[in-house]
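Topology and contacts: notes
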Amino acid sequence: MLTACKRCIPYRKMKYVAIILLFAVVVAVAYGSLSSLNEKERVRRYDDSIHNELSILEEKISHLEQQGKKSFPDVKFLTYKDRKRILISGGAGFVGSHLVDRLMLAGHEVTVADNFFTGRKRNVEHWIGHENFELLHHDIVNPLFIEVDQIYHLASPASPPNYMYNPIKTIKTNTIGTINMLGLAKRVRGRLLLASTSEVYGDPEVHPQTEDYWGHVNPIGPRACYDEGKRVAETMCYAYQKQDKIEVRVARIFNTFGPRMHMNDGRVVSNFILQALQNESITVYGDGSQTRSFQYVSDLVDGLIKLMNSNYSQPVNLGNPEEHTIMDFARIIKNLVGGSSKVEKRTAMEDDPRRRRPDITRAKKYLDWEPKVQMLTGINRTIEYFKNELRRSHHSQRNFHAPELGFL
């Protein structure tokens, strides 16, 4: 009997050990479950904290985006049937940037190609980011392969100091560049408008100048790189029209002025205004009896668009037939600006035309176009722009000339 009990002792020990182990397992499981619940709670609270912080950051970012969000002028909506893809070579320049404004506001898709020799990005910066606008840093002496419906070919230095600074480059832009633009028009079967110039008439022997006049140009003079460059550009346009049936339009542009003119471009208007604002001598080359006709830039843009969309393909003068002597014009600007500037005569420039006035009969007949903006109104707007330009002392001080909605 005792022996049997002695044999039961190990069994009982094992039973107690098993109970202890089972209890330990239960405790461990219970503790593990409790730890798991605590861990989940900690994770939940951590997630909630991160979510709250992200919400706060999103609100801050949204607020900053609204503060710095770029707004654009309201543009007209055109359906795919009416909306055109339009390329403007030289579109960051003085005239080109105003043409960009007009076409963007009308609802078209506009691409600007410019090498920024005389153009400036800030002339079109108010459109950068808009879905209908694209800016290409491109020199048209090199081919350009894009899909377009219309091409406004404006690329070329237009003021004597600029085009005489690098005459070879001026010739290449007006010859090779024009060939490239005509080649693009041929490939896409688009229409091209050439921004030609009144300089194709040279120092004219007839007055006023009609489009039938062939001109009086010195082919080896200092202005020849521009004058003859534009003349051969016109020749190429009509050669492509005759041989490849390309639709071309040619605008012979007379003196134009307005906001966004480069202050040091050497043109009459910018020279006189800048000199008068700084109380410097207003320099007149020659005796001042030579004449010019000045049109405001919005009138020119209106004429370019009408010509592009017309059915007339012969050259058309776009200018203001109101004629003034250079001396009279200097006095007008001096009186408008005020100050103590004096008019100073200097030696006449070589090949400077004596008289320049467009006959715009053709523009009136076929385009129903003539200048609308009074010269004094335009000059005052230009003076205000130049004043703001002179006030700038930091890059952040913008001299923004908003698109002129009133001339749509």
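Each remark here, short or long, concerns the structure printed above.
First, a word on what this report is: a plain description of the structure on this page. Throughout, a residue's number is its position along its own chain's written sequence, starting from 1. Only residues with pLDDT of 70 or above have their local features reported here, since the model is predicted, and side-chain atom pairs are shown and tallied only from 80 upward, although totals for entire chains, interfaces and linings are computed over all residues. With hydrogens and water excluded, all non-hydrogen atoms of the structure serve as input to the side-chain values.

Numbering goes from the N terminus for both helices and strands, where a helix is a DSSP run of H or I of at least four residues and a strand is a run of E of at least two. Any helix carries an expected span of 1.5 Å times its number of residues minus one. For helix 4 (residues 167–188), with 22 residues, the first-to-last C-alpha span of 31 Å sits near the 32 Å given by 1.5 Å per residue. Residue Thr173 marks the point of greatest curvature in helix 4, where the axis turns by about 30°. Of the surrounding elements, those touching the buried residues of helix 4 are strand 1 (85–89), strand 4 (150–153), helix 3 (160–165), strand 5 (191–197), helix 5 (224–244) and strand 6 (247–253). Phi turns positive, to about 60°, at Arg189, one or two residues after helix 4. The reported bend at a residue is simply the angle between two axes, fitted to the 7 residues ending at it and to the 7 residues beginning with it. By definition, residues are in contact when any of their heavy atoms lie within 4.5 Å.

Our focus in this paragraph is the packing of aromatic side chains. Think of it this way: a Phe, Tyr or Trp ring, Trp meaning its six-membered ring, pairs with another when their centres are within 6.5 Å, and the plane angle makes it stacked under 30 degrees, edge-to-face over 60, tilted otherwise. Taken as a whole, this structure holds nine aromatic pairs when the rule is applied. When the centroid spacing of 4.4 Å and the interplanar angle of 5° are considered together, the rings of Tyr163 and Tyr226 count as stacked. With Tyr163 in helix 3 and Tyr226 in helix 5, this pair connects stretches of sequence that are 63 residues apart. Burial classes: relative accessible area under 20% of the type maximum marks a residue as buried, over 50% as exposed, and values in between as partly exposed (1.4 Å probe, protein chains only). On the basis of relative accessible area, Tyr163 is assigned to the buried category, the value being 1%. Ring centres of Phe294 and Phe329 lie 4.1 Å apart, and the angle between their planes is 15°; this geometry places the pair in the stacked category. Within this pair, whereas Phe294 is found in the loop between strand 9 (291–293) and strand 10 (295–296), its partner Phe329 is found in helix 8 (residues 326–337), the two being separated by 35 residues in sequence.

A word on unusual backbone geometry. Here the residue pair His207 and Pro208 is connected by a cis peptide bond, since its omega of -5° sits within 30 degrees of zero. Here Pro208 lies in the loop between strand 5 and helix 5. Although it is not a glycine, Phe116 sits at a positive phi angle of roughly 60°. For Phe116, a relative accessible area of 23% translates into the label partly exposed.

With that settled, consider the environment of Ile88. Within the element layout of this structure, Ile88 appears in strand 1. By relative accessible area, which is 0% here, Ile88 ends up buried. For the pair formed by Ile88 and Leu192, sequence separation is 104 residues and the distance between their alpha carbons is 10.0 Å. If near-sequence neighbours (up to four positions away) are discounted, Ile88 is found in contact with Gly96, Leu99, Val100, Leu103, Val110, Thr111, Val112, Ala113, Tyr152 and Leu154.

We now examine the layout of surface pockets. Only protein atoms enter the calculation, which uses a 1 Å grid: trapped sets of points that fit a 1.4 Å probe without letting it out are cavities, open sets showing protein on both sides within 12 Å along at least five of seven lines are pockets, and any residue with an atom within 4 Å of a point is a lining residue. Grid points are joined across faces, edges and corners, and a volume is the space filled by probe spheres set on the points. Of the voids in this model, the second largest pocket is the one considered here, and its volume is about 250 Å³. Along the walls of the second largest pocket sit 14 residues, with Glu211, Tyr213, Trp214, Glu234 and Arg252 positioned nearest its centre. Charged residues are taken to be Asp, Glu, Lys and Arg, nonpolar residues to be Ala, Val, Leu, Ile, Met, Phe, Trp, Tyr, Cys and Pro, and polar residues to be all remaining types, Gly included. Counted by class, the lining of the second largest pocket contains six nonpolar, two polar and six charged residues.

A separate point is the side chain of Thr382. Here Thr382 is to be found in helix 10 (residues 375–391). Those residues in contact with Thr382 that sit more than four places away from it in its chain are Phe257, Gly258, Pro259, Met261, Ile273 and Tyr296.

This part is about the sheet that holds strand 2 (residues 109–114). Any two strands between which DSSP finds at least two bridges are classified as paired. Taking strand neighbours across the sheet as the criterion, the seven strands line up as 3-2-1-4-5-6-11 in an open arrangement whose pairing is parallel. Edge positions in the sheet fall to strand 3 (133–137) and strand 11 (316–318), since each has one partner strand and no second. The average angle at which neighbouring strand axes cross in this sheet is 20°, direction not considered. Alignment of strand 2 against strand 3, held across five bridges, turns out to be parallel. Note on geometry: axes are lines fitted to C-alpha atoms, helical ones only across the stretch in contact, with angles between N-to-C directions running from 0 to 180 degrees.

A few words on the side chain of Asp114. Inspection of the secondary structure assignment puts Asp114 in strand 2. Put simply, Asp114 is tucked away with no salt bridge, and the nearest opposite charge, on Arg120, sits 9.7 Å away. Residues adjacent in sequence count toward polar contacts only when both atoms are side-chain atoms; beyond that, a polar contact is any pair of N or O atoms within 3.5 Å, and within protein one must be able to donate a hydrogen and the other to accept it. There is a polar contact of 3.0 Å between the side chain of Asp114 and the backbone nitrogen of Ala92. Here the side chain of Asp114 touches Phe116 through a polar contact of 2.7 Å, landing on its backbone nitrogen. In this structure, Asp114 is in contact with Gly90, Gly91, Ala92, Gly93, Gly119, Leu136, His137 and His138, ignoring residues within four places of it in sequence. Under the convention used here, Asp and Glu are negative, Lys and Arg are positive, and both His and the chain ends fall outside the count. Salt bridge, as used here, is a side-chain nitrogen of Lys or Arg placed within 4 Å of a carboxyl oxygen of Asp or Glu.

Looking now at the packing of helix 8 against helix 10. Put simply, helix 8 and helix 10 touch, their axes get as near as 11 Å, and they point 55° apart. The orientation of helix 8 relative to helix 10 falls into the category oblique. Our pair here, helix 8 against helix 10, has a crossing hand that is right-handed. Contacts from Phe329, Ile332, Ile333, Leu336 and Val337 of helix 8 reach helix 10 at Met375, Leu376, Ile379, Asn380 and Ile383. Its residues assigned to classes, the contact of helix 8 with helix 10 shows nine nonpolar, one polar and no charged. The cut-offs work like this: below 35 degrees is roughly parallel, past 145 is roughly antiparallel, 65 to 115 is roughly perpendicular, and the gaps in between are oblique. Working rule for handedness: look at the near helix, and if it is turned counterclockwise from the far one by less than a right angle, call the crossing left-handed; if clockwise, right-handed.

Here is the key point about a regular strand: its side chains alternate between the two faces of the sheet. For strand 2, the buried fraction is high: five of the six residues fall into the buried class. Where strand 1 meets strand 2, five bridges bridge the pair, whose relative direction is parallel. What sits directly across from Leu87, in strand 2, is Thr111.

Before going further, it helps to spend a moment on the packing of helix 6 (residues 268–277) against helix 8. Relative orientation of the contacting elements helix 6 and helix 8 amounts to 40°, with a least axis distance of 9 Å. Between helix 6 and helix 8, the crossing angle belongs to the class labelled oblique. As helix 6 packs across helix 8, the resulting crossing turns out to be right-handed. Residues Val268, Val269, Phe272, Ile273, Ala276 and Leu277 of helix 6 pack against Ile326, Phe329, Ala330, Ile333 and Val337 of helix 8.

On to the pattern of salt bridges, then. Going through the model one piece at a time under the given rule, you end up with 20 salt bridges. Ionic pairing is found between Asp139 and Lys169, a salt bridge with its closest N-O pair at 2.4 Å. With Asp139 in the loop between strand 3 and strand 4 and Lys169 in helix 4, this pair connects stretches of sequence that are 30 residues apart. Its relative accessible area of 26% is what places Lys169 among the partly exposed residues. A salt bridge links Arg191 to Glu247; its shortest N-O distance comes to 2.6 Å. Pair noted here: Arg191 is in strand 5 and Glu247 is in strand 6, with a separation of 56 residues, a long-range link. Taking relative accessible area as the criterion, Arg191 reaches 15% and is therefore assigned buried. Owing to a relative accessible area of 38%, Glu247 belongs among the partly exposed residues under this scheme.

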